[in-house]
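What follows is each chain in one-letter form.
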Amino acid sequence: MTGRNTTPPGRYDPRHGVPPRAAADDADSVAAGKPLETLGLRERLALNRTGTFDWDLDRATLELDPCALDVFDLRPDEYDGRPSALAARIPPEEGYRLDAAVSQAVQDGAPSYGAYFRVHCRDGTPRWTHAQGRILRDADGRPYRIAGLVREAGTEMADSVLLRSLQENRQRQTAMVQQTTAALSRALSVADVTRVLTGTGGARRFGADALILGLVDSDHFEVIAITGLPGTTPEDMMASRLDDTLPLSDAALSRRATFLSSRGELMARYPRLRPYRDRVPSGSAVFLPLVAQDRVIAALGLFTAEPKQHSAEDRNLALALAGVVAQSLQRAMLFDQAREFATGLQATMLPRRVPAIAGGEVTVRYHAASTGRDIGGDWYDVIPLPQGRTGLVVGDVQGHDTHAAAVMGQLRIALRAYATEGHSPETVLVRASRFLAELETERFATCTYVQADLESGALHVARAGHLGPLVWDAAGHTDWHPVRGGLPLGLATTFGQDHFPETQLFLEPDSTLLLCTDGLVEKPGQDIATGIDALAAAVRDGSGELEALADRLSDQLWARSGSGDDMALVLLHRAPAAGTTTVTPRFRLHVHQADPSGASEVRAMLRRTMDQWRAGSLAYDIEVAATELITNALTHTDSGALVTVELQPTGPRARRRIRLEVEDRSSRWPRRRTPGETATSGRGLMMVEALSDAWGAEPRGNGKALWCEFVLPGEE
């Protein structure tokens, strides 16, 4: 086929150029010296290590020619002509696979079949074999005989296995790079990178059994992550000067990767490690410098349990993975620097201490966001006010970055200044909203501000797009009190709606007020109502000690749930009244005269409270009576209405009843009338008398209080 072939035209001789050699004593010598025309079919097949078989399905006999017996490594006296006799050479799992191929071909009506399987020779070595049979069928299509060839297939299977091994190795290397890149892509900080490297499967991503990582800091080297190495690493190995006596330090100093095949080779190259020989795996080791932007920032060490020579593919893979780790580590180091700056900025923006207050105690908790730069716009404040009052603030500036922290700091200081001037909560929020709008920032903020007087228990609350307060009384009842509010700060001024109506509540002795940001109750993919209910349940089940309760809420609802948002929490507890030994469940709510819609808030609060007190069918009667008494106070007096609802008494033999009081500042005594059929008013007290078990009026300072009582079902 080449120009040097001098055979006559039209003939091709593959032996051209091959010198003659002596005939070998092997299968090729079967036809030595014989012309091709004189060789029979079986002799020709034998030249290719191929034998024939004839399987009579009706008689269950399987005839094998001498070459087929040689393929199965059987002597004639070892084979009796039955298929089951091949079990001596064909392992069960290979026999199942061969039988399955034959059965499938027979059932499908196929004319032939072929299958690869392994034979165990008499010396125990495996031999790949291939069988191909022709299925003969009678006139009815019933198979009665199979005739075919069986041959050695070791060479072709070896080539196939080699190719498959190379392909699998490439796939494995690609998967290792992809898995490592994917895992490190989610790492933000250096701590995240070390968790990826030392976590489950960390070393395996690099094809290693143990791993060690160290950072370069000027002329020093510090180990920050170890996994898979036995024992405790000595202190002089964890931090050392940058020199060539230790492998990681040497790799960082020389900027060259080192590949060692065994522990002995490692000890010979670095004698300083000899005292710690038992703590080093006995296999191979690789030490890689981690270079980013032409600067060595770290070094990575990989160890295997078994010695091995590193191929070119192994070296290329290790260098590729080192580049991935170096880029992730550099990004993480820059992130940590930015976060350190940001958290330092935020720390200066939040209060450094919480002032002591008379008549109670207050505690706070703050957690930075676990995403971004661990910084956000949540804040809290506890502000001493004139006349012994206390201002409580929680708020949230939009965003989780340094800009949000900067806006938060300015807004907190401004709001604190407005509050210390003694302004009402509504005025404080109006001025804070205008201040934020004048900053010309695109951020808005939500906020709740409470002006608390612990001597009387009065709470004046204003809200700007934020969660309202949660009150936990001494009887263990919790309630999210309805508090009207306005738009978030900044947006309210932009839209010309900077109005934040004020709500007056009362904190009874030995009760606790909770203010928080949405980071405590809001989780991705979860309805915020679920988080609000969980917070109320955690408060009810928590400790009565304020610090312990704050820790429980922080650990259970924020840290343990893995919230990614920042969180601010303020707890205010009013001290128990002096000399009291029993607790009367109650709530108090003020309805302003200029805001008749406040009666709807009282009704909503009554419904929740009656459910907790198990008032049953009385709940509707109490709600109607409260509406009538509030309406009378707002219509016939020049003041608002102070609503008080109590569950009393709570002793084992006392008749439990609910007492409703509506207090106003008018000294004019109520007059019960008998209105005519066409009268449009005058029936309020008649309805109260008809619905309640008892009612009356009492003088209260400059005004009076109308009251009525309802005996709970089962207490008559």
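Refer to the structure printed above.
To keep things clear, this report deals only with the structure shown in the data block. (Residues numbered from 1 in each chain as written. Predicted model: local features only at pLDDT ≥ 70, side-chain atom pairs only at ≥ 80, totals over all residues. Heavy atoms only, no water.)

1. Notes on the pattern of salt bridges
Argument step 1. Under the criterion given, the structure shown has 34 salt bridges.
Argument step 2. Linking glutamate 78 and arginine 122 is a salt bridge whose minimum nitrogen-to-oxygen distance equals 2.9 Å. Residue glutamate 78 is found in the loop between helix H2 (66–71) and helix H3 (92–108), and its partner arginine 122 is found in the loop between strand S3 (112–120) and strand S4 (126–137); the two are separated by 44 residues along the sequence.
Argument step 3. Residue classification places glutamate 78 among the partly exposed positions, given a relative accessible area of 30%.
Argument step 4. A salt bridge links glutamate 661 to arginine 700; its shortest N-O distance comes to 3.1 Å. In this pair, glutamate 661 is assigned in strand S25 (residues 657–664) and arginine 700 in strand S26 (residues 694–700), connecting sequence segments 39 residues apart. (Salt bridge = Lys/Arg side-chain N within 4 Å of Asp/Glu carboxyl O. Helix = DSSP H or I, 4+ residues; strand = E, 2+ residues; numbered from the N terminus. Buried < 20%, exposed > 50% of the residue type's maximum accessible area, 1.4 Å probe, protein only.)

2. Remarks on the packing of aromatic side chains
Argument step 1. Considering all chains together, one arrives at two aromatic pairs under this definition.
Argument step 2. Aromatic pair phenylalanine 72 and phenylalanine 117: ring centres 6.3 Å apart, planes at 25°, arrangement stacked. Linking phenylalanine 72 in the loop between H2 and H3 with phenylalanine 117 in strand S3, this pair joins segments that are 45 residues apart in sequence.
Argument step 3. Accessibility expressed as a relative area gives 1% for phenylalanine 117, which makes it buried.
Argument step 4. Their ring planes at 80° and their centres at 5.6 Å tell us that phenylalanine 287 and phenylalanine 303 sit as a pair that is edge-to-face. Remark: phenylalanine 303 occurs in strand S11 (residues 295–303) and phenylalanine 287 occurs in strand S10 (residues 285–292); sequence separation between them is 16 residues. Here phenylalanine 287 matches phenylalanine 303 in class, with each residue buried. (Phe/Tyr/Trp six-rings, centres within 6.5 Å; stacked < 30°, edge-to-face > 60°.)

3. Describing the pairing of S10
Argument step 1. With seven of its eight residues buried, S10 lies for the most part within the structure.
Argument step 2. Bridging between strand S9 (residues 258–260) and S10 involves three bridges; their strand directions are antiparallel. Note that in S10 the partner of threonine 258 across the bridge is phenylalanine 287.
Argument step 3. By the bridge criterion, eight bridges tie S10 to S11 in an arrangement that is antiparallel. Within S11, the position partnered with phenylalanine 287 by the bridge is glycine 301. (Pairing = 2+ DSSP bridges.)

4. Focus: helix H13 (residues 528–541)
Argument step 1. Over its 14 residues, H13 runs 20 Å from end to end, which matches the ideal 20 Å to within 8%, given 1.5 Å per residue.
Argument step 2. Looking at H13, one finds that the buried residues are Gly531, Ile532, Leu535, Ala536, Ala538 and Val539. Projected down its long axis, H13 shows its buried positions confined to an angular sector of 160°, all on one face. Away from its buried face, by an angle of more than 90 degrees, H13 presents the exposed residues Asp533 and Asp541. (Expected span 1.5 Å × (residues − 1). Arc of directions from axis to C-beta.)

5. Here we look at the sheet that holds strand S18 (residues 478–480)
Argument step 1. The five strands lie next to each other as S12-S22-S21-S17-S18, forming an open sheet whose pairing is antiparallel. Strand pairing shows two members of the sheet lacking a second neighbour, strand S12 (360–367) and S18, which therefore form its edges. The mean angle between the axes of side-by-side strands here comes to 15°, regardless of whether they run parallel or antiparallel.
Argument step 2. Looking at chain direction, strand S17 (residues 470–472) and strand S21 (residues 512–516) are connected through three bridges and run antiparallel. Across the sheet, the residue bridging to valine 471 is leucine 513, located in S21. (Axes fitted to C-alpha atoms, helices over the stretch in contact; angles between N-to-C directions.)

6. Some words on the sheet that holds S10
Argument step 1. Overall, antiparallel pairing links the six strands, which are arranged S8-S7-S6-S11-S10-S9 in an open sheet. Every other strand in the sheet has two partners, leaving strand S8 (239–241) and S9 as the edge strands with one partner each. Neighbour-to-neighbour, the strand axes of the sheet open up by a mean angle of 20°, direction not taken into account.
Argument step 2. Pairing of strand S7 (residues 220–227) with S8, which is carried by three bridges, proceeds in the antiparallel orientation. Of the residues in S8, the one forming a bridge with histidine 220 is arginine 241.
Argument step 3. Helix-sheet contacts for helix H7 (residues 247–254) involve strand S6 (210–217), S7, S8, S10 and S11, and the interaxial angle to S10 is about 40°.
Argument step 4. Here helix H9 (residues 312–349) sits on the sheet and contacts S6, S9, S10 and S11; the angle it forms with S10, its principal contact strand, is near 45°. (Contact = heavy atoms within 4.5 Å.)

7. A word on helix H10 (residues 402–420)
Argument step 1. Over its 19 residues, H10 extends 27 Å from the first C-alpha to the last, a length consistent with the 27 Å expected when each residue adds 1.5 Å.
Argument step 2. The complete set of buried residues in H10 reads Ala404, Ala405, Val407, Met408, Gly409, Leu411, Arg412, Ala414, Leu415, Tyr418 and Ala419.
Argument step 3. Those residues of H10 hidden inside the fold are in contact with H9, strand S13 (377–384), strand S14 (390–397), helix H11 (425–438) and strand S15 (445–453).
Argument step 4. Downstream of H10 by one or two residues, glycine 422 has phi in the positive range, about 90°.

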